[in-house]
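Next come the chains, spelled out residue by residue.
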Amino acid sequence: TMLLEFKQVSKQYGTDTKALTDVNFAVKEGEFVSIIGPSGAGKSTLLRCMNRMIDASSGKILFNGSDILACTKQELKRLRTQMGMVFQHYNLVNRLSVIENVLHGRLGYKSTLEGVLGLYSKEERHQAYTILKTLGLEEQVYKRCDQLSGGQKQRVGIARALVQNPKILLCDEPIASLDPNASKVIMDHLRNISTTMGITVIVNLHQVDTALKYSDRVLGVNKGTIVYDGNPSGINREQ
Ligand code: ADP
Ligand code: ADP
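A quick note: this is a predicted structure, and the numbers were derived from the prediction, not measured. (Residues numbered from 1 in each chain as written. Chains lettered and ligands numbered in written order. Predicted model: local features only at pLDDT ≥ 70, side-chain atom pairs only at ≥ 80, totals over all residues. Heavy atoms only, no water.)

A.B. asks: Even after reading the chapter, I still don't get the sheet that holds strand β2 (residues 17-28), so can you show me in this structure?
C.D. replies: One open sheet accounts for 4 strands, arranged β2-β1-β4-β5; its pairing is antiparallel. One side of each edge strand has no neighbouring strand; the edge strands of this open sheet are β2 and β5 (66-67). Bridge count for strand β1 (residues 2-13) against strand β4 (residues 58-63) is 5 bridges, and the pairing is antiparallel. The residue bridging S10 from the neighbouring strand is S58, located in β4. Contacts from helix α1 (residues 43-50) reach β1, β2 and β4 within the one sheet, and its direction differs from that of β2 by about 55 degrees. (Pairing = 2+ DSSP bridges. Helix = DSSP H or I, 4+ residues; strand = E, 2+ residues; numbered from the N terminus. Contact = heavy atoms within 4.5 Å. Axes fitted to C-alpha atoms, helices over the stretch in contact; angles between N-to-C directions.)

Spelled out as structure tokens, the structure:
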């Protein structure tokens, strides 16, 4: 069954920037999909329309059967917990600890609270700890986020998304600020999350080789339209 569907989706910024034009595709549950294309192609807009961080101008977006553009605010909030988001710049609260950042994500979109830890039950804290351990952050659990390397910060970002038990992970250039070693660690974790946890992963990448290596499927975007949708082996590296 299809987890996410875009039907004739367009996005216009202001009066003259058409970022997306009549985009159609559907993603099956469990797929690992990379979105590739040149800078300014519309990759980030496309990804951010999926959970309505950006409002599409027209078309239909279905997530797990729900109409993302037509649903109520409350319904959108519920759906967003099922759509974990991972950012290029991590979007962590630096003065809080790793585990506080992970639990903080459960409070939902844009909330800010200090002393987060005490708000959570032992079970919830244990779940956060277990996820951090899976991501190799056992030793960092109580460190402040500003003491971590970029690769560690991104793993915290992934843990924050996973603790909500998402059906899908939306990753917006997750390795663009990382060195090759840290990038490999992050991509291996994302692949593992897809394969062993069955979570659908959609990732924006500007590194074509990485996309081809890790993905089940590639969406090629150029000038706001999908110019390729298929197997990684069908991509011509010279393009
Ligand atoms: P990519 O992620 O592939 O680099 P983007 O989705 O960021 O592409 O941008 C697609 C197009 O939309 C570009 O022309 C970009 O300049 C424009 N754009 C992106 N965000 C905004 C915005 N907030 N306001 C106006 N134009 C924007
Ligand atoms: P980046 O620098 O990675 O492009 P930004 O820091 O500009 O991303 O954040 C983009 C938007 O995402 C901001 O409007 C921010 O409020 C929002 N945002 C931050 N954290 C989250 C989160 N955990 N879930 C959803 N949206 C978030």
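We are not done yet, so read on.
A.B. asks: Honestly, the site of ligand 1 in this entry has me stumped. Any pointers?
C.D. replies: All residues adjacent to ligand 1 are Y13, T17, A19, P38, S39, G40, A41, G42, K43, S44 and T45. The contact in question runs from an oxygen atom of ligand 1 to an N or O atom on the backbone of S44, over 2.8 Å. Listing elements by their share of the shell around ligand 1, those giving two or more residues are β2 and α1. When residues in the shell around ligand 1 are grouped by element, the largest group, 3 residues, is from α1. Broken down by class, the residue content of the shell around ligand 1 amounts to 4 nonpolar, 6 polar and 1 charged. (Near = heavy atom within 4 Å. Polar contact = N/O pair within 3.5 Å; in protein donor to acceptor, adjacent residues only side chain to side chain. Nonpolar A, V, L, I, M, F, W, Y, C, P; charged D, E, K, R; others polar.)

A.B. asks: Sorry if this is basic, but what is going on with the packing of helix α5 (residues 150-162) against helix α6 (residues 180-197) here?
C.D. replies: How two helices pack is summed up by the angle between their axes together with the distance between the axes. Across the interface, α5 lies against α6 with an axial gap of 9 Å and an inter-helix angle of 20 degrees. Judged by the inter-axis angle, α5 sits roughly parallel to α6. In this structure, α5 meets α6 at a crossing whose hand is right-handed. Residues G151, Q154, R155, I158 and L162 of α5 form the contact with α6, whose own contacting residues are A182, V185, I186, H189, L190, I193 and M197. Residue classes in the contact of α5 with α6 are distributed as 8 nonpolar, 3 polar and 1 charged. (Parallel < 35°, antiparallel > 145°, perpendicular 65-115°, else oblique. Left-handed = near helix turned anticlockwise from the far one by under 90°.)

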